[in-house]
Amino acid sequence: MRRTVFNEDHEAFRETLRAFIEAEVVPVYDEWFAAGQAPRDFYYKLGELGLFGINVPEEFGGAGMDSHKFEAVLYEETARAGVQFGGSGVHVLLALPYIRMLATDEQKKRYLPKFVTGEEMWAIAMTEPGTGSDLAGMKTTAKLSEDGSHYVLNGAKTFITGGVHADRVIVCARTAAPTAEDRRHGISLFAVDTESEGYSVGRKLDKLGLRTSDTAELAFVDVKVPAEDLLGEENKGFSYLGHNLASERWGIAFGAYAQAKAAVRFAKQYVQERTVFGKPVAHFQNTKFELAACQAEVDAAEAVADRATEALDAGELTPAEAASAKLFCTEVAHRVIDRCLQLHGGYGYMNEYPIARLYADNRVNRIYGGTSEIMKTIIAKDMGL
């Protein structure tokens with residue numbers, strides 16, 4: 001079946017991106033993998049490519065697009081090549097929607113031009129040690145000074161993707177105590193300059209997968225945050241966090257589908273080249289049946305991912321539909337990638353093969369952005385159960 005989700009502009013972008021990956025990423029990716037992060041200057045290259053400005057208004061240096069389809073192409077092309085673009089996904093997929101939704105005109109003039117060029121890389125800090133997904137239980141505080149000129153930030157965050165290289169971080173902190181009626185009351189968002197005194201990056205965390213994406217612990221000790229760096233209204237942060245969950249879960253769903261599609265490509269190529277008992281592995285019926293079953297699952301995941309993309313661009317993707325897409329695509333990717341690794345035999349367990357890295361990278365998809373169990377809860381509630 002012919003896909004209709006992409007047009008000529010998207011395909012032209014795909015060609016440019018594929019050439020960029022082959023020239024700038026593939027030759028050095030093993031070095032990034034060993035180092036556990038992409039180099040900081042790589043993000044300037046992504047800025048020059050225009051990747052950070054696609055959804056930024058033209059007046060701030062962007063392309064002024066209002067579509068997630070270029071991001072979808074990015075997911076497909078990075079997965080196809082078996083690479084990641086470091087922590088840049090958080091910069092665009094997670095941080096930018098908050099800037100666009102909450103920043104004042106004055107803030108956008110300060111933030112977005114440097115955002116587009118990669119001069120300022122952004123991350124978002126929600127999770128704290130000991131709280132996990134319970135954001136209402138956060139302990140980090142931001143207290144307004146007596147003269148109202150700044151907030152004093154104290155606390156700690158963990159699992160912050162892009163936290164090592166970030167120049168600004170959207171930090172979630174308590175500006176008021178929770179009430180008996182609402183534990184979520186009192187959370188605010190701040191665009192914190194990482195050069196601020198008292199701000200520090202702790203450990204760069206050693207993850208199972210996504211090795212080139214820097215993930216860190218952050219600490220704040222009496223960090224002075226100018227009042228003009230408050231994003232949105234004070235104490236309404238929790239509602240803001242929920243507003244972007246549909247697009248975040250779409251990104252995880254589409255990325256997982258793209259990984260599953262890439263896994264089939266890697267496995268097909270391997271079994272055609274690998275010979276056992278005097279015959280290519282692809283010659284055996286089990287190989288054909290396994291890959292055929294995987295392809296059928298990928299076809300279904302593609303349809304779900306594409307439908308969710310169209311709904312998101314139209315502003316019609318509901319929380320339950322996003323949860324359903326994430327649940328389905330991530331579970332399909334889990335099954336497909338595992339089966340494709342099996343077809344590689346022992347070589348599939350070696351990091352020099354992209355299927356091994358893909359296996360590790362994919363695992364977190366069923367955890368972050370809300371676990372598969374949470375997705376089922378959301379879907380069941382929407383069903384009236």
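Overview of the structure. Note that the structure is a prediction, hence the values are computed from the model and not measured.

Of the regular secondary structure elements, the protein holds 12 helices and 10 strands. Here the C-alpha radius of gyration of the protein, 22 Å, is about what a compact globule of 385 residues would show, namely 21 Å. Projected onto its principal axes, the C-alpha positions of the protein cover 80 × 50 × 40 Å. Taken across its 385 residues, the protein has 51% of its residues classed as buried.

This part takes up the pairing of strand β5 (residues 187-193). Where burial is concerned, most of β5 is hidden: 6 out of the 7 residues are buried. Pairing geometry for strand β4 (residues 168-174) and β5, over 7 bridges, is antiparallel. When the bridges of β5 are listed, I170 appears paired with A191. By the bridge criterion, 2 bridges tie β5 to strand β8 (residues 230-231) in an arrangement that is antiparallel. Its bridge partner being in β8, L189 is matched across the sheet by L231.

Another aspect to go through is unusual backbone geometry. Although it is not a glycine, L210 sits at a positive phi angle of roughly 50 degrees. Along the chain, the position of L210 falls in the loop between β6 (199-204) and β7 (215-226). With phi around 50 degrees, F277 is a residue other than glycine that occupies positive phi space.

Turning next to the packing of aromatic side chains. For the coordinates displayed, the defined rule picks out 16 aromatic pairs. Each ring, one from F254 and one from Y257, has its centre 5.3 Å from the other, and the planes form 85 degrees; the classification is edge-to-face. Of this pair, F254 and Y257 both sit in helix α8 (residues 245-273), 3 residues apart, which is roughly one turn of the helix. An identical accessibility class is assigned to F254 and Y257; each is buried. Centroid distance Y347 to Y353: 5.6 Å. Interplanar angle 50 degrees. Geometry classified as tilted. For Y353, a relative accessible area of 24% gives the class partly exposed. Following the ring pairs from residue to residue traces out a cluster consisting of F20, Y29, W32, F42, Y43 and F85. In this structure, R14 is placed above the aromatic ring of F6, and the distance from its NZ or CZ to the ring centre is 5.2 Å. Against the face of F33 rests R357, its NZ or CZ located 4.2 Å from the ring centre.

All right, on to the nonpolar core then. With 109 residues, the main nonpolar core has V25, F42, F85, L153, L189, V336 and C340 as its most contacted residues. Of all the elements, α8 adds the most residues to this core, at 15 residues. Not counting residues up to four positions away in its chain, the partners in contact with L153 are T140, T141, A142, V171, A173, V192, F220, V221, D222, V223 and V225.

Let us now look at the pairing of β4. Counting buried positions over the 7 residues of β4 gives 7, a clear majority of the element. Where strand β1 (residues 122-125) and β4 come together, 4 bridges link them in parallel fashion. Within β4, the position partnered with W122 by the bridge is R168.

Cut-offs applied
- Residues numbered from 1 in each chain as written.
- Predicted model: local features only at pLDDT ≥ 70, side-chain atom pairs only at ≥ 80, totals over all residues.
- Heavy atoms only, no water.
- Helix = DSSP H or I, 4+ residues; strand = E, 2+ residues; numbered from the N terminus.
- Rg over C-alpha atoms; globule rule 2.2 N^0.38 Å.
- Buried < 20%, exposed > 50% of the residue type's maximum accessible area, 1.4 Å probe, protein only.
- Pairing = 2+ DSSP bridges.
- Phe/Tyr/Trp six-rings, centres within 6.5 Å; stacked < 30°, edge-to-face > 60°.
- Lys NZ or Arg CZ within 6 Å of the ring centre and 35° of its normal.
- Core = buried A, V, L, I, M, F, W, Y, C linked by side-chain atoms within 4.5 Å.
- Contact = heavy atoms within 4.5 Å.

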